Amino acid sequence: QVQLVESGGGLVQPGGFLRLSCAASGSIYSIYAMGWYRQAPGKQRELVAAITSGGNTNYTDSVKGRFTISRDNAKNTVYLQMNSLKPEDTAVYYCKADRLRDRMGSYYDSWGQGTQVTVSS
């Protein structure tokens, strides 16, 4: 059983910053990529940023230059530093582990439960 637990969400004023964390625990052998997605009310879930085990990163255009994704492979933890936050960043942010391999040799994807980020004055 693998569990992803996010933390760090909250209410912040426009221009402010937050740092999200997501720790994966359980019977984990390796995780190819970890990423952050978000879903605003009435909208589809979208990829925000992702990072592979080798450190390659990918960002959606709207967050480039403001958000930074990083990862601690030893701790199976991914972070999202969000600066210069805007009201349109308001959403539930979800962590995802892509191509997770457990100690039984099975591969699958796994999601966290989500954390709310609200940017408002």
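First, a word on what this report is: a plain description of the structure on this page. (Residues numbered from 1 in each chain as written. Predicted model: local features only at pLDDT ≥ 70, side-chain atom pairs only at ≥ 80, totals over all residues. Heavy atoms only, no water.)

## Notes on the overall build of the chain
Helix and strand content of the chain: 0 helices and 11 strands. Starting at the N terminus, the α and β elements of the chain follow one another as β-β-β-β-β-β-β-β-β-β-β. For 121 residues, the compact-globule estimate of 2.2 N^0.38 gives 14 Å, and the C-alpha radius of gyration of the chain, at 14 Å, lies within 12% of that figure. Overall, the chain is about 50 × 25 × 25 Å in size when its C-alpha atoms are taken along their principal axes. For the chain, buried positions account for 44% of its 121 residues. Considering only contacts in the chain between residues 6 or more positions apart, those separated by 24 or more positions represent 55%. Here the chain displays about 6,500 Å² of accessible surface, and carbon together with sulfur accounts for 46% of that area. Once the 13 positive and 9 negative side-chain charges of the chain are each reduced to a mean point, those two points are 3 Å apart. (Helix = DSSP H or I, 4+ residues; strand = E, 2+ residues; numbered from the N terminus. Rg over C-alpha atoms; globule rule 2.2 N^0.38 Å. Buried < 20%, exposed > 50% of the residue type's maximum accessible area, 1.4 Å probe, protein only. Contact = heavy atoms within 4.5 Å. Areas by Shrake-Rupley, 256 points an atom, 1.4 Å probe, with all protein chains shown as cover. Lys, Arg positive; Asp, Glu negative; His and termini not counted. Charge placed at Lys NZ, Arg CZ, Asp CG, Glu CD.)

## Some remarks on unusual backbone geometry
The phi dihedral of N76 falls on the positive side, at around 50°, and the residue is not glycine. Judged by its relative accessible area of 18%, N76 is buried. Of note in the backbone geometry, R99 takes a positive phi value of approximately 50° without being a glycine. Counting through the fold element by element, R99 comes out in strand β9 (residues 91–102).

## What about the state of the cysteines?
In the structure shown here, the tally under the stated rule is 1 disulfide. Residue pairing for C22: its cysteine sulfur links by disulfide to C95, the two sulfurs lying 2.1 Å apart. Handedness of the C22-C95 disulfide follows from its S-S torsion of about -80°: it is left-handed. Taken together, the residues C22 in strand β3 (residues 18–26) and C95 in strand β9 connect sequence positions 73 residues apart. Judged on exposure class, the residue C22 and its partner C95 are both buried. (Disulfide = S-S within 2.5 Å.)

## Thoughts on the pattern of salt bridges
In the structure shown here, the tally under the stated rule is 6 salt bridges. Between R38 and E46 there is a salt bridge, and its shortest N-O distance comes to 2.7 Å. The exposure class of R38 is buried, given its relative accessible area of 6%. Where K64 meets D61, a salt bridge forms, and the shortest distance between an N and an O atom there is 3.0 Å. The exposure class assigned to D61 is exposed, which follows from its relative accessible area of 62%. (Salt bridge = Lys/Arg side-chain N within 4 Å of Asp/Glu carboxyl O.)

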